[in-house]
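Each chain, letter by letter, is given below.
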Amino acid sequence: MAARLLSIACIRQKNYGDLSPSPHYPSMPKGVTPEHEKLLRGSESMALFSVSGMSCSACAACIEKAVKRLPGIKNAGVDVLNSRAQVLFYPSLVDEETIRETIEDAGFSARLIEEENSDSSTKVCRILIKGMTCSSCSTTVESVLQALPGVLKAQVALATEEAQVRYDSKIVTQSKIFETIEDSGFETILVSSGEDLSRIELKVDGMETGKCTRIIENSLKALPGVEDLAIDPGLNKFSVSYNASMTGPRNFIQVIQSTGSGRYKAYIYPEGEGGGGRDAHKRQEIKQYFSCFLWSLIFTIPIFLSSMVFMYIPGIKHVLNRKVVNMLEIGGLMRWILATPVQFVIGRRFYTGSYKALKHGSANMDVLIALGTNAAYFYSVYMVLRAATSPHFEATDFFETSSMLISFILLGKYLEILAKGKTSEAISKLMNLTPHTATLLTLDIEGNVKNEEEIDSRLIQRNDMIKILPGAKVASDGIVMWGQSHVNESMITGEARPVAKRQGDTVIGGTVNENGVLHIKATHVGSESALSQIVRLVESAQMAKAPVQKFADRISKYFVPMVIALSVFTWLAWFLAGKFNSYPKSWIPSSMDSFQLALQFGISVMVIACPCALGLATPTAVMVGTGVGATQGILIKGGQALESAHKVNCIVFDKTGTLTMGKPQVVDTKLLRNMVLAEFYELIAAAEVNSEHPLAKAIVEYAKKFREDGENPVWPEARDFQSITGHGVKAVVRNKEINVGNKSLMLDLNISIPIDAEEMLAEAEGMAQTGILVSIDGQLTGVIAISDPLKPSAREVISILKSMNVKSIMVTGDNWGTAMSIAKEVGIDTVIAEAKPEYKAEKVKELQASGYTVAMVGDGINDSPALVAADVGMAIGAGTDIAIEAADIVLMKSNLEDVITAIDLSRRTFTRIRLNYIWALGYNLLGIPIAAGVLFPSTGFRLPPWIAGAAMAASSVSVVCCSLLLRYYKRPKELDSLEMGGITVE
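Residues numbered from 1 in each chain as written. Predicted model: local features only at pLDDT ≥ 70, side-chain atom pairs only at ≥ 80, totals over all residues. Heavy atoms only, no water.

Novice: I keep staring at the sheet that holds strand β28 (residues 728–733) and nothing clicks. Help me out?
Specialist: Backbone hydrogen bonds are what pair the strands of a sheet, in a parallel or an antiparallel way. Ordered in space as β26-β31-β30-β29-β28-β27, the six strands form an open sheet in which the pairing is antiparallel. A single partner strand is all that each edge strand has here, and the edge strands are β26 (665–671) and β27 (718–724). In this sheet, adjacent strand axes meet at a mean angle of 15° when their direction is disregarded. Here β26 runs beside strand β31 (residues 779–787); their pairing, made up of six bridges, is antiparallel. Its bridge partner being in β31, valine 666 is matched across the sheet by isoleucine 786. Here helix α26 (residues 755–766) sits on the sheet and contacts β26, β30 (770–776) and β31; the angle it forms with β31, its principal contact strand, is near 10°. (Pairing = 2+ DSSP bridges. Helix = DSSP H or I, 4+ residues; strand = E, 2+ residues; numbered from the N terminus. Axes fitted to C-alpha atoms, helices over the stretch in contact; angles between N-to-C directions. Contact = heavy atoms within 4.5 Å.)

What follows is the structure, given as structure tokens:
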């Protein structure tokens, strides 16, 4: 498992070439009948796109999957080596721009071939954006970024307050992107400047002049592997982005300290100091909102008391009613003085936010707040000034309305930010798994330990030798060079049982060494580590919008203008009704006139409407859901996967490694010719050692028993090796033609199969074993029986899926006899055997055409086309890298139970999203009419603006809290009694 996670960590750095055949299966346009297709025939168009960002054939498969889901696509093929995508489509149903956007939505940059850009100039940066309040803000930022020349793709997530921008550095610079966002009215902070770069912040003491800074800057930039350098002279802070495979932070510190002949001292920037990092900025934002709320409270409480309480206390009332100038009272003047700093100093953020939003032609929550509070404040100012200039006019002000509104909204934002911080708790826990310190070993020429030194774990570099004591956390991904122990990997993989480790085994950073001392060699550090890759995958999942989010985005475009129009209409309707005596005078409170009553209704409508709750309904639930999945060993790659998974009603299982343990063993061998068994196995092992198939590995492992050179035998050379997917292998060994595979392979090669061999095959298949035929020089020589035991809980998992109304199907490349035996044992009724990879994908397409939402569960390279074709691809974590990359969901523990957990979690998450939308829409649909006064004529109930503002603030907090309840998710009770490899989960 550790080895598999480490392979996930570097999967994007590998070039798999054409390991996996590109799945070229015909795709009928959605909703196109055969008759319609006849009419469209001949009108097809071909589009050729340049696609950047692909790293392996799984990426190509992902693009094909996305494009083929579009209506009007006849066929699509992706050439990963040349970074090309060729699409055959019907122009009457879909156009090139839609196809290009779909490819970019899949996470890659694409242009029509004449607009091709070089992959090397494509860069990615992740930016923290401060000041976004609702989905209108995030949509605005996304729009201005997409409109910027050179930006290939921009994703903005409201819940995480982050943007991920893929851009062409030849056309646009990173600073221009920052400038564009800041012009939109938001603050920006760089989180990361590349997908494969590590980043460290260093503090340098001893710098006295700008010349010192330039000397250090030039010294660092000269180092190989340093990609980017940002300097904050005021804080003496250097932020270095670097390639961890080429250099590391200890090199930076050494260069800095040697540059000044000992005058400069460099160390890692202390956490929380100087506002570095997302957590520090989040803490700073929480502190700012809390401070603003407390200050607003200091001014608002006296305003509230003077207008709502003291007027009923005779002595104090007399003082407050004393006249200052004409009819201007002390109470009114005091409220004006106290309300002004609340309105313009503490509430300044709402003015700046609304100004910048309006400047770019959009309207957000700040606009509603600014309009509502301004209406109350400036009307009150008018009343005070009129009283001061008139000997008869008695003023009634609403200063308490504006100041209490701002106070309650600040309190709501403070609580909302606190709650939103909890939604990313799963990522925080993952990031905090790495220990703070590590023991660095210095070795002499002979490999003996010369020195031990305790260092900050962030200073670990590739190839460092690290000592791990019993009970300590593993400080870095690496390989065990000395010692043996058991390592608890549950915090990363969710696997409860400690895993034995000895020399040559891989370990994962953040796991716990249980009982022995280990010396490990660091192999993956910084952004390359498995933990960093998992965190990045979860962050990317939280960044990607679920399709259901588009509903809120559409509403948010028109929400604020519509609310403003409703507010004006409400005020006008009540004002005109009062003007023409359309309602009794007794309805008007004694302290108001008809104009003031109408104004209160209009302000209440404006401030009760809440676009934030709608904008947060989906992303907060997706954030918590993907985070909970990660803690359970289920990596969900975004909202699209979550949304599709909750609809799944049919699951297609691969057999080997999915329903079975994936560790086949040779259990019987029958020779049909006189031959020494050791020689027989030497010949076929020489051919099979070139194959990655689990059955081939089982044969090679068994063949080692006949060799004296033990674990590392040297096999004879195999020439003309050929792997025939779904059939077997061919090679020439010692001038003998060796064919190893199934019955279909022998028949294709015109090799006759004796009755004895047929009977042996039937016997093996009857016992749920796989029969492998071996021919030498065109003559069938032997039959090998291989057994791959079922996973302990396979039958129970299939039974539970049936109870969840999910149909189970098994599709395998194995023979029919073995497949039927396995299917009967686990309780699967529908079986497809001897299926090639492309046929697995075809079967998935057939099921989708029948109306099923299909999930494919597999682990091998040959499963990747089907994983891509399915609505949801689930890769078993112990499977191949390409299967993991092609999948939408990765089951890290390799337990079948997690298929149920993934579906159940997605269903719970979308139930929560529905509840969030019901609450957010219901709140606005009920709240706005009540604020407009629909209940006032019949009940006399009126919602004051400050209470409406409090309700608005509470709505956002309630939506986030509703999503947070997912943190307490428990997997289905039926799974608690299942035995997993001898361990019962309690």
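Novice: Could you clarify how one ought to interpret the pattern of salt bridges in this entry?
Specialist: Close approach of charged atoms lets side chains of opposite charge pair. All told, the structure shown has 18 salt bridges when counted by the stated rule. Note that lysine 68 is salt-bridged to glutamate 64, the shortest N-O span being 3.7 Å. Here lysine 68 pairs with glutamate 64, and both are found in helix α3 (residues 57–68), just four residues apart, close to one helical turn. The exposure classification of lysine 68 matches that of glutamate 64, with both residues buried. Between lysine 840 and aspartate 654 there is a salt bridge, with the nearest N and O atoms lying 3.3 Å from each other. Of this pair, lysine 840 sits in helix α29 (residues 837–849) while aspartate 654 sits in the loop between β25 (650–653) and α22 (655–659), and the two are 186 residues apart along the sequence. For aspartate 654, a relative accessible area of 5% gives the class buried. Residues participating in the shared-partner salt-bridge network are Glu97, Arg100 and Glu104. (Salt bridge = Lys/Arg side-chain N within 4 Å of Asp/Glu carboxyl O. Buried < 20%, exposed > 50% of the residue type's maximum accessible area, 1.4 Å probe, protein only.)

Novice: For this particular structure, what's the right way to read the packing of helix α13 (residues 365–389) against helix α19 (residues 594–608)?
Specialist: To describe two helices that pack against each other, one gives the angle between their axes and the distance between the axes. At their nearest, the axes of α13 and α19 sit 8 Å apart, and the two run at 160° to each other. As the angle between them shows, α13 and α19 are arranged roughly antiparallel. The way α13 lies across α19 gives a crossing that is left-handed. In this structure, α13 contributes Leu368, Leu371, Gly372, Ala375, Ala376, Tyr379 and Met383 to the contact, and α19 contributes Phe595, Gln596, Leu599, Ile603, Met606 and Val607. Among the residues forming the contact of α13 with α19, the class breakdown is eleven nonpolar, two polar and no charged. (Parallel < 35°, antiparallel > 145°, perpendicular 65-115°, else oblique. Left-handed = near helix turned anticlockwise from the far one by under 90°. Nonpolar A, V, L, I, M, F, W, Y, C, P; charged D, E, K, R; others polar.)

Novice: Please clarify how the packing of aromatic side chains should be interpreted in this entry.
Specialist: Geometrically, a pair of aromatic rings is defined through the distance of the ring centres and the angle of the planes. In this structure the tally under the stated criterion is 23 aromatic pairs. Look at tryptophan 574 and phenylalanine 601: their rings are 4.5 Å apart centre to centre, the planes differ by 20°, and that puts the pair in the stacked class. A residue pair is termed long-range when its members are at least 10 positions apart, and tryptophan 574 in helix α18 (residues 549–579) and phenylalanine 601 in helix α19 qualify at 27 residues. We classify tryptophan 574 as buried; its relative accessible area is 11%. Ring centres of phenylalanine 680 and tyrosine 681 lie 5.3 Å apart, and the angle between their planes is 85°; on these two criteria the pair is classed as edge-to-face. Here phenylalanine 680 matches tyrosine 681 in class, with each residue buried. An aromatic cluster is present here, built from Phe344, Tyr351, Tyr377, Phe378 and Phe399 joined pairwise through their rings. (Phe/Tyr/Trp six-rings, centres within 6.5 Å; stacked < 30°, edge-to-face > 60°.)

Novice: So what exactly am I meant to see when it comes to the sheet that holds strand β10 (residues 226–232) here?
Specialist: What the four strands build is an open sheet, ordered β10-β11-β9-β12; its pairing is antiparallel. Two strands bound the open sheet, and with one partner strand each, they are β10 and β12 (265–268). Sheet twist, expressed as the average angle between the axes of neighbouring strands with direction ignored, equals 25°. Of the strand pairs in this sheet, β10 and strand β11 (residues 237–242) are connected by six bridges, and their pairing is antiparallel. Directly across from alanine 230, in β11, lies its bridge partner serine 239. This element, helix α7 (residues 210–221), spans β9 (198–205), β10 and β11 of the sheet and lies at about 165° to β10. Contacting β9, β10, β11 and β12, helix α8 (residues 249–259) runs over the sheet at an angle of about 25° to β9.

Novice: Explanation requested: helix α23 (residues 677–688) in the structure shown.
Specialist: Each turn of an α-helix holds 3.6 residues, which means side chains three or four residues apart point in the same direction. In a regular helix each residue adds 1.5 Å, so twelve residues correspond to 16 Å; α23 covers 16 Å between its end C-alpha atoms and thus fits that length. Where burial is concerned, most of α23 is hidden: nine out of the twelve residues are buried. Along α23, the residues classified as buried are Phe680, Tyr681, Glu682, Leu683, Ile684, Ala685, Ala686, Ala687 and Glu688. (Expected span 1.5 Å × (residues − 1).)

Novice: What is the right way to look at the pairing of strand β35 (residues 872–876) in this model?
Specialist: Remark: a regular strand shows side chains that alternate across the two faces of the sheet. Extensive coverage of β35 is indicated by the burial of five of its five residues. Pairing between strand β34 (residues 854–858) and β35: four bridges, direction parallel. Each bridged residue has a counterpart across the sheet, and for methionine 856 the counterpart in β35 is glycine 873.

Novice: Would you explain the UniProt feature "transmembrane region" (unreviewed entry) in the protein in this entry?
Specialist: The UniProt feature table records "transmembrane region" (unreviewed entry) at residues 292–313, 333–351, 363–382, 402–419, 558–577, 597–617, 917–937 and 943–966. In residues 363–382, helix accounts for 90% and strand for 0%; the two terminal C-alpha atoms are 27 Å from one another. Between the C-alpha atoms that bound residues 943–966 the distance is 33 Å, and the span itself is 83% helix and 0% strand. (UniProt positions renumbered as here; feature names shortened; annotations may be inferred.)

Novice: Can you help me understand unusual backbone geometry in this one?
Specialist: Its identity is not glycine, yet asparagine 750 carries a phi of approximately 60°, on the positive side. Of note, asparagine 750 is situated in the loop between α25 (743–748) and α26. The residue asparagine 805 is not glycine, and still its phi comes out positive at about 60°. Following the sequence through the fold, asparagine 805 ends up in the loop between α27 (794–803) and β32 (807–811).

Novice: Would you mind showing me how to read the environment of methionine 327 here?
Specialist: Locating methionine 327 in the fold gives a position in the loop between β13 (323–325) and β14 (328–329). Assessed through its relative accessible area of 15%, methionine 327 is described here as buried. Sequence separation between methionine 327 and phenylalanine 393 is 66 residues, and the spatial gap between their C-alpha atoms is 6.4 Å. Apart from residues lying up to four places away in sequence, methionine 327 is in contact with Ala387, Ser390, Pro391, His392, Phe393 and Glu394.

Novice: How should the nonpolar core be read in this particular structure?
Specialist: Inside soluble globular proteins, nonpolar side chains tend to come together where they are buried. With 134 residues, the main nonpolar core has Ile177, Ile651, Leu801 and Ile889 as its most contacted residues. Not counting residues within four places of it along the chain, the set of residues in contact with leucine 801 comprises Ile651, Phe653, Val806, Ser808, Ile900 and Ile903. Core analysis: the next-biggest nonpolar cluster, separate from the first, contains 37 residues, Ile200, Tyr242, Ala244 and Leu518 among them. (Core = buried A, V, L, I, M, F, W, Y, C linked by side-chain atoms within 4.5 Å.)

Novice: It is not clear to me how the side chain of serine 485 should be interpreted in this structure. Could you clarify?
Specialist: Summarising the element assignment, serine 485 is placed in strand β19 (residues 485–488). The exposure class of serine 485 is buried, given its relative accessible area of 4%. At a separation of 2.9 Å, a polar atom in the side chain of serine 485 contacts the side chain of asparagine 515. There is a polar contact of 3.0 Å between the side chain of serine 485 and the backbone nitrogen of glycine 516. The contact partners of serine 485, leaving out residues within four places of it in the chain, are Val499, Ala500, Lys501, Asn513, Glu514, Asn515, Gly516 and Leu518. (Polar contact = N/O pair within 3.5 Å; in protein donor to acceptor, adjacent residues only side chain to side chain.)

Novice: Got a minute to help me understand a nonpolar patch on the surface in this structure?
Specialist: Among the surface-exposed residues, Met308, Val309, Ile313 and Ile316 lie close enough to one another that they form a single nonpolar patch of about 260 Å² accessible area. Along the chain, the position of isoleucine 316 falls in helix α10 (residues 314–320). (Patch = residues over 30% accessible without salt bridge, like charges linked within 9 Å, V, L, I, M, F, W, Y side chains within 5 Å. Areas by Shrake-Rupley, 256 points an atom, 1.4 Å probe, with all protein chains shown as cover.)

Novice: For this particular structure, what's the right way to read the pairing of strand β15 (residues 437–443)?
Specialist: Relative to strand β16 (residues 449–456), β15 runs antiparallel, the two sharing seven bridges. Counterpart to threonine 439 in the pairing with β16 is glutamate 454. Counting the residues between successive antiparallel strands, the hairpin from β15 to β16 contains five residues, one of them, glycine 447, with a positive phi of roughly 90°. Here three bridges tie β15 to strand β17 (residues 465–468), and the two strands are oriented antiparallel to one another. Counted as the bridge partner of leucine 440 is isoleucine 466 from β17.

Novice: Could you clarify how one ought to interpret the confidence of the model for the protein in this entry?
Specialist: Fine structural detail should not be taken from predicted coordinates in areas where pLDDT scores are low. Of the residues in the protein, 86% have a pLDDT of 70 or more, and the chain-wide mean is 80. The least confident element of the protein, judged by mean pLDDT, is strand β38 (residues 983–984) at 35; the most confident is helix α11 (residues 330–346) at 92. Contacts for the low-pLDDT stretch residues 1–42, under 50 throughout, to residues beyond four places or in other chains number 106 contacts. Within the model, the stretch residues 115–119 combines pLDDT values under 50 with twelve contacts to residues more than four positions away or in other chains. (pLDDT = per-residue confidence, 0-100.)

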